[in-house]
Amino acid sequence: MKNRLAMLALLFSLTLLLAVIRENAAAQSAPRPKSYATEPDWNDPQRLIPLNFQQVRGQRLFYQYCVWCHADSTPAGPSNRSNLNPVPPLLNDGAVLNGKSDEFLRDIITRGGRALGKSAMMPPYGDTLTREEIQAVIAFVRAVAQPAFQPVAGH
Amino acid sequence: METMRNPHTFPASSRISFRPRFRRLAPAFLCCAALLLFGQAAGAQEASAPASPIWSPQLNAAERCVTCHPQVPPPSPAQLAFQQPGRVDPLVPHHGKGWGCTVCHRGAGDAAQKGQAHQPALAPAQPLLPARYLQASCGLCHRADLPDTPQLNRGRFLLSEFRCVGCHRLDGIERPYLLGPDLTEIAGKVSPEWLYKWLKEPRTLLDDSGNVTVSGYQMEPRMPRFRLKEDELRNLVAYLSSLRGKPVEPYVFDPKIVAALQNSPDLADQGEARFRQMFCTTCHPLAVTRAGETKLIGGDLGPELTKVGSKVNPDWLPAWLRNPQALFPKSKMPRYEWSDQDLFVVTRFITAKLTDPDLLQGVPKLDAPTPDQIRLGRRLFLRKGCASCHAAPGMKLQEEFGPALASLGAESVSHLHFGDAKIPRDLTAYMQAKLTDPLSVNPTADMPQYHFSSADLEALTTALLSMTGASANSAIERVTVPRKPAEFQPTGEFARLYERYKCYACHQFNGYGGTLATDLSWEGSRAQRQWLIDFLKNPQTLRPSLVLRMPQFNMTDQEAALLADAIGQTLRHPAVDPAAVDPAKFTPLMAAQGKQLYEEKYQCQSCHSIGSGGGYVGPELSNVGNWMTPAWIAAWLKDPQALLPGGIEPRRTLSPDEIQALTAYLMTLRQKEPAAPAAAAGAEK
């Protein structure tokens, strides 16, 4: 009987071990990052940046409204960026945009460049996009920033 | 563990042998119970504010996810970051309260253990939906496309585009206007050799080593590859080449034109010039090789024409171009008004230049079909389900030839047959394996071979997962947002021309029609009559960045005028009142103020160009004074999104005076003066 109990205990622990291994294997078999969607890094298309729901919404809005002037190429071909003076920053340009606060970005998208003493070529989108949509675009900007955006404490 | 999960699986009749078995297993039971209790206690400790489980009879949801995933509204930025347990998606307008988690994320909400709630291996009946297919859940209720679900929308589009609806029942997927070409008279169009090659491998040509090259047809054909054996191929070709209705009469060109053109050395070049001027490439792509790289240039509404000269019968071509609907009533190709000269040079160009002598290389010599072959071919045609998409004489359309997929998204893994496939035993892996190679899970599958990119596979999986059938969760039906059926029915002469030139193939009318070109729902309010007539006669490009242009239909003055009038009368926007703006009141001073606003205050030139200067995001405005109505310009400046929802022109807060000044300025931008000068004199700056 004692032998039998030991055998059972061994069998049980083996089953447990197997279950744990299976659990781990299942977790490892997922090939891509656990995220809602991804955006290729603009400087290195092989690297995918994981995006959450809000950032994905920002991504969609970016490719609808902003890409024409804030990227080097657009879904329709070359970008309008080179036509403009001053040249608008690329949206993933962390060196420029990481230094700006969320409030500043929200303001310039909402009220346009002219209201903030910047280029009037940046039109105001406050009446076109909702507050949540503008927040989503900012979330996307932060996600794709190169060098990566580090949120300041207290943000 | 298995025993613990399914204590009810002991058959009732084995009661006598149950006791000794129970005694043997008792320690295991006790251990499991202890572990379970311990696990739950640990989970409860993690959750700082334990919330009550959710039971929503309306949504058929009962779950205790909140035990481990506390919801703390409003979400902190840390919660918004991915991979954070307890995250709330605040932008989804359905907040977690009352809805719970499993309605969208699935999983076994009533499970007491983490693994059983989440992992497909441990919860085969109700696996958690992987995050990358989450959009499938939006599709449970939203049958119309949502802007935030591009992956789902793409999947639904592909289910329609690749004619999955031809064989499978898929609820809520649009049935295409045309599933596959009508084969009633196919033998008059192509040769048996071409049919052999197409049926063997519709996708590409194979090179000497048997590798697939994309040097033949570059576009992904909608026709999949049916794995046919050599004799099956020959029988099917025999049957198809027996489908010859009335023979195609060679078109007789005007002998004077033939005599004048026949010997000109640049006949094919003239034809190519005409082919380009008529913008055939707006719908039909051509492979173009530049700097060693071959690319497809052109739209994808019609078939690729790079090698069509080696495909179709030379007598069939002019007959088709003159009147496609006479040969194939459901064709979406417009009926162009051809001059004999144009038709002659264009057909010569196609048969001389758009060819490939090697197209039919490797096709064996096909003997004249025997009646037996034809009979067997016809049987095979039905057995392979060809009649699901193609019309053939004496055959009814085969409906639901394949299994219904309307509830595949809720299928339990235990009902799926994985065969010998080395894939995870879960629904999404099954779907992807089946779509990638149908034989991998079932070596005797009838489903033909498709080729999808990995992104498209994900999209298709998402769309299929969104179809859980009515029975799976009848509660969902109550909150379903149905798709609005779109329709546009013109009347009278407008209907005749609309049908002849197939306006709806590219343009949208009140939500109905193609998406290749501008939405024309409000064109009658936007464009001036004379401009419309000129444009229909000779379409110009309006946006500098666009490559595709409207083809030249060679329509008569009378037809153009009729269409312009019909558009002006019927396609009107209720918010654009033509009487609200009177161009006679515009003064040169207003126009000068408008010019200043345009160039300085609002810097419109960042996106619009006039002449050579300016950006090219918006339309070119050099001729806007002849093009758009003043009422439309004023309404557009006031609120662009009211006229074009989702339009990218930002809405600004302009005063009525500013709107008037800008309209006055834009109306002065004309490339030629109108025939009867009605606008303010001295407008040109």
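Remember, predicted model here, so these are calculated numbers, not experimental data. (Residues numbered from 1 in each chain as written. Chains lettered and ligands numbered in written order. Predicted model: local features only at pLDDT ≥ 70, side-chain atom pairs only at ≥ 80, totals over all residues.)

**Q** Teacher, can you tell me more about the overall build of chain A here?
**A** Each helix and strand counted, chain A has five helices and four strands in total. What you see in chain A, going N to C, is helices and strands ordered as α-β-β-α-β-β-α-α-α. Within chain A, the proportion of its 155 residues that are buried is 30%. Residue pairs in contact within chain A that sit at least 24 positions apart in sequence constitute 45% of those at least 6 positions apart. (Helix = DSSP H or I, 4+ residues; strand = E, 2+ residues; numbered from the N terminus. Buried ≥ 20, exposed ≤ 12 C-beta atoms within 10 Å, placed from the backbone. Contact = placed C-beta atoms within 7 Å.)

**Q** Quick question: what am I supposed to make of the nonpolar core here?
**A** The tendency in soluble globular proteins is for nonpolar side chains to be buried as a group. Counting 73 residues, the largest nonpolar core has A:V137, A:F140 and B:L666 as the members making the most contacts within it. Apart from the residues within four sequence positions on either side, A:V137 is in contact with A:G58, A:L61, A:F62, A:C66 and A:I109. Core analysis: the second largest hydrophobic core is formed by 27 residues, B:I173, B:L427, B:A459 and B:L465 among them. (Core = buried A, V, L, I, M, F, W, Y, C linked by C-beta atoms within 7 Å.)

**Q** I keep staring at helix 2 (residues 53-70) of chain A and nothing clicks. Help me out?
**A** At 3.6 residues per turn, the α-helix brings residues three or four places apart onto the same side. All names here are of chain A. If you check helix 2, its first and last C-alpha atoms are just 22 Å apart, much less than what 18 residues at 1.5 Å a residue would give, namely 26 Å. At Q64, helix 2 shows its strongest bend, of approximately 55 degrees. Counting buried residues in helix 2 gives 15 out of 18 residues, a clear majority hidden from the surface. (Expected span 1.5 Å × (residues − 1). Bend = angle between axes of the 7 residues up to and from the residue.)

**Q** Which parts of the structure should I look at to understand the environment of A:R142?
**A** Residue and element names in this part refer to chain A. Inspection of the secondary structure assignment puts R142 in helix 5 (residues 131-144). The exposure class assigned to R142 is partly exposed, which follows from the 19 C-beta atoms found within 10 Å. Between the C-alpha atom of R142 and that of N92, which follows or precedes it by 50 residues, the distance is 7.9 Å.

**Q** Looking at this structure, I do not really get the environment of B:V288. What am I missing?
**A** Residues and elements named next belong to chain B. For V288, the position within the fold is in strand 5 (residues 286-290). Residue classification places V288 among the partly exposed positions, given that 13 C-beta atoms sit within 10 Å. Among all residues touching V288, those that are not within four sequence positions of it are K295 and I297.

**Q** It is not clear to me how helix 16 (residues 340-353) of chain B should be interpreted in this structure. Could you clarify?
**A** Residues and elements named next belong to chain B. End to end, helix 16 covers 20 Å across 14 residues, agreeing with the expected 20 Å (1.5 Å per residue, within 8%). The complete set of buried residues in helix 16 reads D342, L343, F344, V345, V346, T347, R348, F349 and I350. Residues of helix 16 that are buried sit in contact with helix 12 (255-261), helix 13 (267-277) and helix 14 (316-322).

**Q** Sorry, what's going on with the packing of helix 26 (residues 588-601) of chain B against helix 30 (residues 656-667) of chain B here?
**A** When two helices pack together, their arrangement is captured by the angle between the axes and the distance separating the axes. All names here are of chain B. Relative to each other, helix 26 and helix 30 sit at 100 degrees, their axes nearing to 7 Å. One finds that helix 26 runs roughly perpendicular with respect to helix 30. Residues M590, A591, Q593, G594, K595, L597 and Y598 of helix 26 lie in contact with helix 30, whose contacting residues are E658, Q660, A661, L662, A664 and Y665. A class-by-class count of the residues in the contact of helix 26 with helix 30 yields eight nonpolar, three polar and two charged. (Axes fitted to C-alpha atoms, helices over the stretch in contact; angles between N-to-C directions. Parallel < 35°, antiparallel > 145°, perpendicular 65-115°, else oblique. Nonpolar A, V, L, I, M, F, W, Y, C, P; charged D, E, K, R; others polar.)

**Q** What is the right way to look at the pairing of strand 2 (residues 48-51) of chain A in this model?
**A** Two faces, one strand: in a regular strand the side chains alternate between the faces of the sheet. All names here are of chain A. Taking every second residue as pointing to the same face, the buried face of strand 2 carries I49 and L51, while none of L48 and P50 on the other face is buried. Where strand 1 (residues 37-40) meets strand 2, four bridges bridge the pair, whose relative direction is antiparallel. Note that in strand 2 the partner of E39 across the bridge is I49. (Pairing = 2+ DSSP bridges.)

**Q** Can you walk me through the environment of B:H284 in this structure?
**A** All names here are of chain B. Position of H284 relative to the elements: it lies in the loop between helix 13 and strand 5. With 20 C-beta atoms counted inside 10 Å, the residue H284 sits in the buried group. For the pair H284 and L305, spaced 21 residues apart in the sequence, the C-alpha separation amounts to 6.3 Å. The residues touching H284, leaving out its near neighbours within four places in the chain, are G298, G302, P303, E304 and L305.

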